[in-house]
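Structural characterization, general
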Amino acid sequence: MNAAVQLYDTTLRDGSQAEGIHFSTADKLHLAARLDAFGVHYIEGGWPGSNPKDIEFFERAKGHHFQNARLAAFGSTRRAGVAVEEDPQVRLLLEAQTPVVTIYGKTSLLHVREVLRTTPEENLAMIADTVSYLKSQGREVIYDAEHAFDGYKEDPAYAMACLQAARRAGADVVVLCDTNGGSLPGFVAEVTRAAVAQVGGAVGIHTHDDAGLGVANALAAVEAGAVHVQGTANGYGERTGNCNLTTVIPNLQLKMGRPVLPPEKLAQLRDLSLYIDETANQRPNPRAPFVGQASFAHKGGTHVNAVNKLISSYEHIAPETVGNVRRILVGELSGRTNVMMKARELNLSLDEKAPETREILETIKRLENEGYEFEGADASFELLARKALQHHPAFFSLIEYHVSFRRRPDGPEDCEATVKLSVGEEKTYTVAEGDGPVNALDAALREALRKFYPQIAPVRLTDYKVRIVDSSSGTGAKVRVLIESTDGETAWTTVGVSANIIEASWIALRDALEYFLLRGEAV
């Protein structure tokens, strides 16, 4: 496929400079392989020689065959007053043995004089010498014009002279960098048009998101003639981040008609985004455009009613185009259509005008008024719906539970829970200890059920969240407990609300196991 715009991913270098992002060498190799399989055209691996991790990455990458992408090593122009052949940093770029080398140089006279402490003429020579030398060594050279837009504001003629020096020396792509991330789309488009007209050849764009315009500026540059976009997956990067490729890609392909990937690759976009977040140990942004969990979530009753009749009324693209799914939310703003469509998601047959639908809706609104929230607790909603439809078997019933906590001045803390249940005609009573009251209660409940339902063995709690519902009540406030559980294959979330945190936790724990057993009955 001939791409109308080249995608240059710098997640492994620029993205790793974000606060809280740390990739191991193994992480970088796995990410490079995944990005290559996805179909990006360039992968920037790092700066050879800047740290041991990047040295190891390039050494190990020499044995990897990339099917779609070309690997790039990143560095700078030669130092002022040093012959390019003698510059150790340039030598390390060549020793990385990548087919592509990306170098940056100064475009702003202020930076030339105050940061490099050299003359405008020497800066031009540094750019030309380095590009020319790397080209003579058989490399594809991408030149990143640092502070291109700030430099253009200061002195348009000198900024263009820097770009022209790189082009005349043989740079394959000249990239305009909005290094401070403060430019506006109109100005980005103006400078890009000037570069395309005066420099010629392939012009690229590298933007940052300091003003919240990283994606908008990249798209403005493409509209003005740029054919190469640099960015990072999920927008990782220094300060507020880089241009987000997971947002740019579908906008280019679906909105602007600039093909960058085959359609089947675009459908893998959400999976790629989640994989990169998982590797970086970051929680996915639920509101991320295109790939976020909430991107195609509908909550308002009038919206859902319209979507039920005409999907495109509130969806700008089909979610499956980017590998996402439509979600119907239920809550106090819902109508009967929400309940009907949500039930349909869960393979429950429910007529929009049936009395059960109204009953479920009224129950949800009553519970949400008490502090419940079902948007993130599909399992609790399904239990509620099945009870209303009388499709819910009684796996067990609570007779009573008791939780105690003992603290001794010089001894260990003791936390113990007892649970008495009825399962069918049989009663069971168990005692368990735990690291805290909720852990002890969870252990006692599982122990009580294990002999009746041994299939619960792999179920475990993976996340536990507590939120105060009405903070004005102080220590007497209700709390909402959300519990995420898994059996190792799938995950589900349940919710409980009470002024007693133990009771709220019990409700969510009980629902988690009931849902698991219910799902097993339904299979």
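See the structure shown above.
Read on for an overview of the structure.

Basis of the calculations
- Residues numbered from 1 in each chain as written.
- Predicted model: local features only at pLDDT ≥ 70, side-chain atom pairs only at ≥ 80, totals over all residues.
- Heavy atoms only, no water.
- Helix = DSSP H or I, 4+ residues; strand = E, 2+ residues; numbered from the N terminus.
- Expected span 1.5 Å × (residues − 1).
- Buried < 20%, exposed > 50% of the residue type's maximum accessible area, 1.4 Å probe, protein only.
- Pairing = 2+ DSSP bridges.
- Axes fitted to C-alpha atoms, helices over the stretch in contact; angles between N-to-C directions.
- Contact = heavy atoms within 4.5 Å.
- Core = buried A, V, L, I, M, F, W, Y, C linked by side-chain atoms within 4.5 Å.
- Polar contact = N/O pair within 3.5 Å; in protein donor to acceptor, adjacent residues only side chain to side chain.
- Arc of directions from axis to C-beta.
- Left-handed = near helix turned anticlockwise from the far one by under 90°.
- Nonpolar A, V, L, I, M, F, W, Y, C, P; charged D, E, K, R; others polar.
- Phe/Tyr/Trp six-rings, centres within 6.5 Å; stacked < 30°, edge-to-face > 60°.
- Lys NZ or Arg CZ within 6 Å of the ring centre and 35° of its normal.

**Overview of helix H7 (residues 156-168)**
Owing to its 3.6 residues per turn, the α-helix aligns residues three or four sequence positions apart on the same side. Over its 13 residues, H7 runs 18 Å from end to end, which matches the ideal 18 Å to within 8%, given 1.5 Å per residue. Those residues of H7 that sit buried are Tyr 158, Ala 159, Met 160, Cys 162, Leu 163, Ala 165, Ala 166 and Arg 167. Phi turns positive one or two residues past the end of H7, at Gly 170, with a value near 115 degrees.

**Focus on unusual backbone geometry**
Of note in the backbone geometry, Arg 239 takes a positive phi value of approximately 55 degrees without being a glycine. With respect to the helices, strands and loops of the structure, Arg 239 is situated in the loop between strand E8 (228-231) and helix H10 (245-255). Positive phi, normally seen in glycine, also occurs at Asn 281, with a value near 60 degrees. Counting through the fold element by element, Asn 281 comes out in the loop between helix H12 (269-279) and strand E9 (297-298).

**Points about the sheet that holds strand E3 (residues 70-76)**
Each strand in a sheet pairs with its neighbour through backbone hydrogen bonds, running either in the same direction (parallel) or in the opposite one (antiparallel). Read around the closed barrel, eight strands run E1-E2-E3-E4-E5-E6-E7-E8, paired in parallel fashion. Averaged over neighbouring strand pairs, the angle between their axes works out to 25 degrees when direction is ignored. As judged from the three bridges shared by strand E7 (residues 202-207) and E8, these two strands associate in the parallel manner. By the bridge assignment for E8, Gly 204 is matched with His 228. Its contacts with the sheet put H7 on strand E4 (100-106), strand E5 (140-146), strand E6 (173-178) and E7, and the angle it makes with E6 is roughly 150 degrees.

**Some points on the environment of Pro 437**
Relative to the helices and strands, Pro 437 is located in helix H17 (residues 437-450). Taking the relative accessible area as the measure of exposure, Pro 437 reaches 31% and is therefore partly exposed. Along the sequence, Pro 437 and Ala 73 sit 364 residues apart, while their C-alpha atoms lie 54 Å from each other.

**Considerations on the nonpolar core**
In terms of nonpolar packing, the biggest core is built from 84 residues, with Ile 43, Tyr 143, Leu 176 and Ile 205 touching the most fellow members. Tallying contributions element by element places H7 first for this core, with seven residues. By size, the runner-up hydrophobic cluster in this structure holds 51 residues, among which are Ala 377, Leu 383, Phe 395 and Ala 432.

**Remarks on the side chain of Ser 273**
Tracing the chain through its elements places Ser 273 in helix H12. Polar contacts involving the side chain of Ser 273 include one to the side chain of Asn 234, which spans 2.6 Å. Filtering out sequence-adjacent residues up to four positions away, Ser 273 remains in contact with Asn 234, Thr 246 and Val 291.

**Focus: helix H3 (residues 88-95)**
By the burial criterion, the buried members of H3 are Gln 89, Val 90, Leu 93 and Leu 94. Buried residues of H3, seen end-on, are gathered within an arc of 145 degrees and therefore sit on one face of the element. With a side-chain oxygen lying 2.9 Å from the backbone nitrogen of Gln 89, the N-terminal cap of H3 falls on Asp 87. With its phi angle positive at about 60 degrees, Gln 97 sits one or two positions after the end of H3.

**Comments concerning the packing of helix H8 (residues 185-199) against helix H9 (residues 214-223)**
Contact geometry of H8 with H9 gives a least axis separation of 8 Å together with a crossing angle of 35 degrees. The two elements H8 and H9 cross, and the hand of that crossing is right-handed. Taking contact as the criterion, the partners of Pro 185, Val 188, Ala 189 and Thr 192 in H8 are, on H9, Ala 216, Asn 217, Ala 220 and Ala 221. Split by residue class, the contact of H8 with H9 holds six nonpolar, two polar and no charged.

**Quick notes on the packing of aromatic side chains**
For the coordinates displayed, the defined rule picks out 11 aromatic pairs. Taking 5.8 Å as the distance between ring centres and 45 degrees as the angle between the ring planes, the aromatic pair formed by Trp 492 and Tyr 515 counts as tilted. Separated by 23 residues along the polypeptide, Trp 492 in strand E16 (residues 491-498) and Tyr 515 in helix H18 (residues 501-522) bring together distant segments of the chain. For Trp 492, a relative accessible area of 4% puts it in the buried group. An aromatic cluster is built from Trp 47, Phe 74 and Tyr 104, whose rings are joined through pairwise contacts. Here Lys 28 stacks its cationic end above the ring of Phe 57, 5.1 Å away from the centre of that ring.

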